[in-house]
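Summary of structural features
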Amino acid sequence: APDIAIPVVVITTPYVGVSPADVEALVSIPLERELSGLRDVKRMTSTSAEGVSVVSIEFEPDVEMSEALQGVRDKVSRAKPNLPDDAEEPEVREVSFSDVPIMIVTLSGADEETLQDLGEELQDDIERVTGVLDANLSGGLTREIRVQVDPFRLAHYGVSLGDVIVGIQGENVNIPGGEVRVGDGSFLVRVPGEFVEPHEVEGVPLRRVGERPVVVSDVARVIDGFQERATYSRMNSEPSVSLSVTKRTGANIIGVADVVREIVIAQSEGWPEGVTYRVLADESNMIRDMVNDLQNNILTALFLVVGVILTFLGARTSLFVAVAIPLSMLMSFTIIQMFGYTLNMVVLFSLILALGMLVDNAIVVVENIYRHMEEGKSAKQAAVDATAEVGWAVTASTATTVAAFFPLVFWTGIMGEFMGYLPKTLIIVLTASLIVALFILPVLTAKLMRTSRVVVVQSSDGVRSVGKWLSVYRSILEWSIDHRYRSAFMGLVALVGTFMAYGQLNHGTEFFSATEPDRATIAIRAPDGADIESTDAIMRRIEVILEGEENVEVFVSESGVAGGGDPMAGSQASPNQGRITIDFLPHANAA
């Protein structure tokens, strides 16, 4: 998709363990009060949920986002003194299409602790890839050492909870010992003190009671367990871990996806037996399909154009027209590269749309040169005279098509920025085809074109040399001129009949035509306040339905993840949300 600036900034402030009403009063309202002084704001909304405040600011479409983002950061900094001390740092970020994952790598086939270790190792390697913005890991179990303090024992020994925290923090450190000189050398000395095994925490001294020191094991239990679940992930109802990969703005999706796949394949060779992976929602596959469609359309257009011109004008003439396609496309790609446009889906669509129009100028110029040579002129003189004769007409024809698309260049808003690539690309391609037709093809024809044999046909006004197909056209044209009222009436009937047929057969209007999808995403949002277990129970009910569908190849469910990869959702935990990514069977194998 085109990398366009979306004039929306989101401020996310986590305030864990606080009710929505208190979050609104203590966080959202102070932020809104300070942010209300921003300029060029179109709309500001806030959402206060349990444990988090999300303030969204939509600016006017023509605002400079770098300045707007800096202004929001300044206002948030001023509002910080009015926020609770125990609230976490507000996160200010700009919304971008790049926040949506370009692919999801899912691992399954082992226990969740093993999958978590493999996923974290894979996550580290993927995040180091150039062009990768983030790789969010969901599912799995993360090891955690918990110290469960007994308040009665604390009271018995006269120890506070702060003593336990300070005692553990003070022991779990590596202490630098400075530099020691030995002979002709010097060595750095350090005293390693970080905990390696859980039982080491039990022996940490807290204070002395009489002659006996009080240690952690006297007042608490040390449990080697796992963190509280924040997310669940399953592939085809089996436990899994999922990595959602997002790219940086402007990064090449195909390049990033290829490198990520290479990393996954390389690491999978060392995984335990039975561990498998699947790559879902890979946006690079769609892009490859679009590029292949473009290539197929170019080749198809080339063969069809050559075939039509070959039928009407002969073999040698058709080759000159065919040359206009690769030359015009080459020039267009060069100009597109100079303007810094990426080969996004709108540009690709525009190139496919322009393929049928870029040969029009070449056909007119080459055919006129061919006609002048048939009249007995030399190739060079025919190229000069014919191009001069139709040059302004061809330029005017191209200008009228360009003029039809030119107003779209000034399309405003997010949709205008998104679809603005279409008129710009079409204007570039049509202009390139005009340059090729007026300056390159005349040179080629002057050097290489030769006339072919023609058929002599007797006409009403004398003997004229025309081609076989042109003689038929001449007869039709003469009849229509001799019966001009009948011709005009037939044209009017055709026009009215076209409108009537469209009215009867019209099936409505749509922005993009409906196509058979390769994948789907189900977004789940439980009521605010629902915990991860309740959300996951809803997800499991949907999984049962998907298991009965014959057209589903694989599906991955993630609980605790904002549904659909919504860039407006912020980065806060979402225990009441979930996402199911579904890949359907290929169309050839679909039920």
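So, on to the overall build of the chain. Helix and strand content of the chain: 18 helices and 20 strands. Taking 25 Å as the expected radius of gyration for a compact globule of 591 residues, we find that the chain reaches 35 Å, considerably beyond that expectation. With the C-alpha coordinates of the chain rotated into their principal frame, the extents come out at 130 × 65 × 55 Å. Per-residue burial for the chain yields a buried fraction of 39% across its 591 residues. Of the contacts made within the chain by residues no fewer than 6 positions apart, 72% connect residues no fewer than 24 positions apart.

Our next topic: the packing of aromatic side chains. For the coordinates displayed, the defined rule picks out four aromatic pairs. Taking the centre distance of 5.3 Å and the plane angle of 80 degrees together, the rings of Y341 and Y421 count as edge-to-face. On the criterion of sequence distance, the pair formed by Y341 in the loop between α10 (315-338) and α11 (345-355) and Y421 in helix α15 (residues 421-448) is long-range, its members being 80 residues apart. A cation over an aromatic ring shows up here: R229 above the ring of Y232, its NZ or CZ 4.0 Å from the ring centre.

The next point concerns the sheet that holds strand β3 (residues 52-59). Overall, antiparallel pairing links the four strands, which are arranged β2-β3-β1-β4 in an open sheet. Edge positions in the sheet fall to β2 (41-49) and β4 (91-94), since each of these pairs with one other strand and no more. Here the average twist between neighbouring strands, direction ignored, is 15 degrees. Both β2 and β3 contribute to a ladder of eight bridges, which runs antiparallel. Along β3, the bridge assignment pairs S46 with V55. Strands β1 (8-14), β3 and β4 of the sheet are contacted by helix α2 (residues 65-79), whose axis makes an angle of about 170 degrees with β4.

Think of an α-helix as 3.6 residues a turn; residues three or four steps apart then line up on the same face. Under the 1.5 Å per step criterion, the end-to-end length of helix α3 (residues 112-127) is 22 Å for 16 residues, consistent within 8% with the ideal 22 Å. Taken as a whole, α3 has its buried residues at L115, Q116, L118, G119, L122, Q123 and I126. Tucked into the core, α3 has its buried residues touching β5 (103-108), β6 (132-139), β14 (238-247) and α8 (253-268).

It is worth spelling out the pattern of salt bridges at this point. Scanning the model with the defined rule gives 19 salt bridges in all. Of the charged contacts, one joins E112 and R229 as a salt bridge, the two residues approaching to 3.1 Å between their closest N and O atoms. Of this pair, E112 sits in helix α3 while R229 sits in the loop between β12 (220-226) and β13 (232-235), and the two are 117 residues apart along the sequence. With a shortest N-O distance of 2.8 Å, D282 and R261 are connected by a salt bridge. Placement of the pair is D282 in the loop between β15 (276-280) and α9 (283-313) and R261 in helix α8, with a sequence separation of 21 residues. Overlapping salt bridges bring together R234, D536, R540 and E543 as one network.

Attention now goes to the pairing of strand β10 (residues 205-209). One face of the sheet, then the other: side chains in a regular strand alternate in exactly this way. Judged from the four bridges that link them, β10 and strand β11 (residues 212-215) form a sheet pairing that is antiparallel. Within β11, the position partnered with R208 by the bridge is P213. The antiparallel hairpin formed by β10 and β11 contains two residues in its connecting segment, where G210 sits at a positive phi of about 70 degrees.

This part is about the nonpolar core. V321, L351, L358, V365, I369 and M449 are the most contacted members of the largest nonpolar core, which totals 45 residues. Counting residues per element, the ones that place at least two in this core are α9, α10, α11, α12 (360-374), α13 (379-405), α14 (413-419) and α15. The leading source of residues in this core is α15, at ten residues. Ignoring anything within four residues of it in the chain, the contact list for L351 reads L294, M329, F333, I336, L343, T425 and V429. In this structure, L107, V241, I253 and A257 belong to the second largest nonpolar core, which totals 25 residues.

A few words on a nonpolar patch on the surface. A surface patch of nonpolar side chains, about 530 Å² in accessible area, is lined by L492, L495, V496, F499 and M500. In this fold, L492 is placed in helix α17 (residues 484-505). Take L492: its relative accessible area is 48%, and that puts it in the partly exposed class.

Time to look at the packing of α10 against α11. In the contact formed by α10 and α11, the axes pass within 12 Å of each other and the chain directions differ by 150 degrees. Taken together, the axis directions place α10 and α11 in an arrangement best described as roughly antiparallel. Considering the relative orientation of α10 and α11, their crossing is right-handed. Within the contact between the two elements, α10 uses I325, M329, F333 and I336 and α11 uses V347, L351 and L355.

Bringing the confidence of the model for the chain into the picture now. Residues with a pLDDT of 70 or more make up 93% of the chain, whose mean pLDDT is 85. Considering only residues more than four positions removed or in separate chains, one finds that residues 453-458, a stretch of pLDDT under 50, has 14 contacts. Counting interchain partners and residues more than four positions distant, the pLDDT-below-50 stretch residues 564-572 has 23 contacts.

A word on the pairing of strand β20 (residues 577-584). Where burial is concerned, most of β20 is hidden: seven out of the eight residues are buried. Strand direction decides the pairing type here: strand β18 (residues 519-525) and β20, joined by seven bridges, are antiparallel. In the strand pairing of β20, A520 is matched with I582. Where strand β19 (residues 552-559) meets β20, seven bridges bridge the pair, whose relative direction is antiparallel. Pairing of S559 across the sheet is with G578, part of β20.

Turning our eyes to something else, we now look at the side chain of S350. The residue S350 is located in helix α11 in this model. In contact with S350, other than residues within four places in its own chain, are Y421, L422, T425 and L426.

Rules of the game
Residues numbered from 1 in each chain as written. Predicted model: local features only at pLDDT ≥ 70, side-chain atom pairs only at ≥ 80, totals over all residues. Heavy atoms only, no water. Helix = DSSP H or I, 4+ residues; strand = E, 2+ residues; numbered from the N terminus. Rg over C-alpha atoms; globule rule 2.2 N^0.38 Å. Buried < 20%, exposed > 50% of the residue type's maximum accessible area, 1.4 Å probe, protein only. Contact = heavy atoms within 4.5 Å. Phe/Tyr/Trp six-rings, centres within 6.5 Å; stacked < 30°, edge-to-face > 60°. Lys NZ or Arg CZ within 6 Å of the ring centre and 35° of its normal. Pairing = 2+ DSSP bridges. Axes fitted to C-alpha atoms, helices over the stretch in contact; angles between N-to-C directions. Expected span 1.5 Å × (residues − 1). Salt bridge = Lys/Arg side-chain N within 4 Å of Asp/Glu carboxyl O. Core = buried A, V, L, I, M, F, W, Y, C linked by side-chain atoms within 4.5 Å. Patch = residues over 30% accessible without salt bridge, like charges linked within 9 Å, V, L, I, M, F, W, Y side chains within 5 Å. Areas by Shrake-Rupley, 256 points an atom, 1.4 Å probe, with all protein chains shown as cover. Parallel < 35°, antiparallel > 145°, perpendicular 65-115°, else oblique. Left-handed = near helix turned anticlockwise from the far one by under 90°. pLDDT = per-residue confidence, 0-100.

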